[in-house]
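# Residue-level structure breakdown
Chain by chain, the residues:
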Amino acid sequence: MSFAGLIKMKLQNPNEYIPDKWVVVKIEGGEFPLTYKVFANWHGGYLDGDSWKLNSGITKVTKEENFYLFEGYSGSVYKCHEKTYGCNMYGHNVINNIINKSKEAGVSVEILPEDINWLQLSYD
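This write-up is about the structure you can find in this document.

Procedures and definitions
Residues numbered from 1 in each chain as written. Predicted model: local features only at pLDDT ≥ 70, side-chain atom pairs only at ≥ 80, totals over all residues. Heavy atoms only, no water. Helix = DSSP H or I, 4+ residues; strand = E, 2+ residues; numbered from the N terminus. Contact = heavy atoms within 4.5 Å. Areas by Shrake-Rupley, 256 points an atom, 1.4 Å probe, with all protein chains shown as cover. Pairing = 2+ DSSP bridges. Core = buried A, V, L, I, M, F, W, Y, C linked by side-chain atoms within 4.5 Å. Buried < 20%, exposed > 50% of the residue type's maximum accessible area, 1.4 Å probe, protein only. Salt bridge = Lys/Arg side-chain N within 4 Å of Asp/Glu carboxyl O. Axes fitted to C-alpha atoms, helices over the stretch in contact; angles between N-to-C directions.

### Observations concerning the overall build of the chain
On a plain count of helices and strands, the chain comes out with 2 helices and 8 strands. When contacts within the chain are restricted to residue pairs at least 6 apart in sequence, those whose partners lie at least 24 apart make up 50%. As displayed, the chain has an accessible area near 7,300 Å², and 51% of this comes from carbon and sulfur atoms.

### As for the sheet that holds strand β1 (residues 16–17)
Across a sheet, paired strands are connected by hydrogen bonds in the backbone, their directions being either parallel or antiparallel. Pairing in this open sheet of 4 strands is mixed, and the strands run β1-β7-β6-β5 from one edge to the other. Each edge of the open sheet is held by one strand with a lone partner, namely β1 and β5 (58–64). By the bridge criterion, 2 bridges tie β1 to strand β7 (residues 77–81) in an arrangement that is parallel. Residue pairing for β7: Y17 is matched across the bridge by Y78.

### Notes on unusual backbone geometry
Of note, E65 is a non-glycine position whose phi angle comes to about 55°, a positive value. If you trace the backbone, E65 turns up in the loop between β5 and β6 (67–72).

### Re the nonpolar core
Counting residues in each nonpolar core, the largest one holds 27 residues, and the members touching the most others are W22, V24, V38, I58, F70 and W118. At the level of elements, β2 (21–29), β3 (32–42), β5, β6, β7 and α2 (89–104) are the ones that each hand at least two residues to this core. For I58, the residues in contact, after removing those within four places along its chain, are V24, Y36, K37, V38, F70, E71, Y73 and Y123.

### A closer look at the pattern of salt bridges
Applying the stated criterion across every chain yields a total of 3 salt bridges. Two residues, E28 and K26, come together in a salt bridge whose shortest N-O distance is 3.8 Å. Salt-bridge contacts for E82 lead to K63; the nearest nitrogen and oxygen are separated by 2.6 Å. A residue pair is termed long-range when its members are at least 10 positions apart, and E82 in the loop between β7 and α2 and K63 in strand β5 qualify at 19 residues. Assessed through its relative accessible area of 38%, K63 is described here as partly exposed.

### Details of the pairing of β5
For a regular strand, the rule is simple: side chains alternate between the two faces of the sheet. As paired strands, β5 and β6 are joined by 6 bridges and run antiparallel to one another. Counted as the bridge partner of I58 is G72 from β6.

### Let's talk about the sheet that holds strand β4 (residues 51–54)
Ordered by their spatial adjacency, 4 strands build an open sheet running β4-β3-β2-β8, and the pairing between neighbours is antiparallel. The two strands at the open ends of the sheet, each matched to only one other strand, are β4 and β8 (108–111). Pairwise comparison of adjacent strand axes, ignoring direction, gives a mean angle of 25° for this sheet. α2 rests against β2, β3, β4 and β8 of the sheet, and its axis sits at about 160° to β3.

### As for the environment of K53
Structurally, K53 is set in strand β4. In the structure, K53 is positioned 13 residues away from A40 in sequence and 5.2 Å away in space, judged by C-alpha atoms.

Structure follows, in structure tokens:
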């Protein structure tokens, strides 16, 4: 994670992240029980580049105006704008690499479609 990106993420709340782009991934297989995680990515500048972060696993979702608030096992909150679902080019490369490496280990990692009702999905 770049220094500028880290500062940008920590300005609001030390446990709150506000990504530029985001997707939800479904992970299961092998030793992994069914888990949903936020894959967040940020646009960087010339010196610090783009960055990404995968949360610890979604435990709860609420909505505040145009933002979904994804709470994680670690206590962090990803505040994701409903209109920024997706990945930047760097994020696509990273998540596709994760998906391919996971297949080799017998674990399924799937990017969920944007039109899911995140408030009604079961995260237990």
